[in-house]
Amino acid sequence: MSDWRSVGHVYPSVIEFVENYLSLVYRRDVVNDPTLAWCPEWWKHAEAVARLEILWRAWEHYRLEPRTGLSVWFLDHADPQMGRLFASDGPFRFCGAKLGHRDMLAPLPLVSPRKDLFTEPTD
């Protein structure tokens, strides 16, 4: 299988991919179905950007496999990732197609470990 980077992209960016492919393929009633979450300003959510970037790069790779590439992409990549993005407890929890973007989720709380806890031992 060819490397998608050497062949060139169909979509030059994740924005192009989301706007011209993914939003057309994954049609859902995100306006009226309260079990589905979506943010029209998806790029304001770090988790969504990471997941959608992964989907775009995987799609560019799997599209080059003529037999089952896109099937693998849907089953192993797109459906699980989009399921998490559409989930009512996902990154778009407080956003909506009607309400727009609402930045109400805080980063996970953390307590930093000791500086030496994860360092390699020196011999």
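Look a little higher up for the structure.
Conventions used here
- Residues numbered from 1 in each chain as written.
- Predicted model: local features only at pLDDT ≥ 70, side-chain atom pairs only at ≥ 80, totals over all residues.
- Heavy atoms only, no water.
- Core = buried A, V, L, I, M, F, W, Y, C linked by side-chain atoms within 4.5 Å.
- Buried < 20%, exposed > 50% of the residue type's maximum accessible area, 1.4 Å probe, protein only.
- Helix = DSSP H or I, 4+ residues; strand = E, 2+ residues; numbered from the N terminus.
- Contact = heavy atoms within 4.5 Å.
- Expected span 1.5 Å × (residues − 1).
- Bend = angle between axes of the 7 residues up to and from the residue.
- Phe/Tyr/Trp six-rings, centres within 6.5 Å; stacked < 30°, edge-to-face > 60°.

Colleague: Account for the nonpolar core, with residues named and values stated.
Modeller: Within the largest apolar cluster, 25 residues are counted, with the highest numbers of intra-cluster contacts made by Phe17, Leu22, Leu52, Leu55, Trp73, Met82 and Phe92. Of all the secondary structure elements, the ones that give two or more residues to this core are α2 (14-25), α3 (46-62) and α4 (69-86). At six residues, α3 tops the list of elements feeding residues into this core. Beyond its immediate sequence surroundings of up to four residues, Phe92 is in contact with Ala37, Trp38, Cys39, Trp42, His45, Ala48 and Leu85.

Colleague: Now, about α4: what can you tell me, with residues and values included?
Modeller: The end-to-end C-alpha distance of α4 is 24 Å, a good match for the 26 Å that 18 residues give at a rise of 1.5 Å each. Its axis deflected by about 40° at Ala78, α4 carries its strongest bend there, up to four residues before the proline Pro80. By the burial criterion, the buried members of α4 are Gly69, Trp73, Ala78, Gln81, Met82, Leu85 and Phe86.

Colleague: Help me get a handle on the packing of aromatic side chains, residues and values and all.
Modeller: Per the counting criterion, the structure on display carries 14 aromatic pairs. With a centroid separation of 6.1 Å and an interplanar angle of 45°, the aromatic rings of Tyr11 and Tyr21 are classed as tilted. Residue Tyr11 is located in the loop between α1 (4-7) and α2, and its partner Tyr21 is located in helix α2; the two are separated by ten residues in the primary sequence. The residues Tyr11 and Tyr21 share a single accessibility class, namely buried. Taking 6.0 Å as the distance between ring centres and 85° as the angle between the ring planes, the aromatic pair formed by Trp42 and Trp43 counts as edge-to-face. Here the aromatic residues Tyr11, Phe17, Tyr21, Tyr26, Trp38, Trp59, Trp73, Phe74, Phe86 and Phe92 are joined through ring pairs into a cluster of three or more.

Colleague: Which residues make up the environment of Trp42, and what are the values?
Modeller: Position of Trp42 relative to the elements: it lies in the loop between α2 and α3. You can call Trp42 buried: its relative accessible area is 5%. Taking the C-alpha atoms as reference points, Trp42 and His61, 19 residues apart in sequence, are found 23 Å from one another. Excluding residues that lie within four positions of it along the chain, Trp42 makes contacts with Val14, Ile15, Val18, Ala48, Val49, Leu52 and Phe92.

Functional significance is not addressed by these values, which are geometric in nature.
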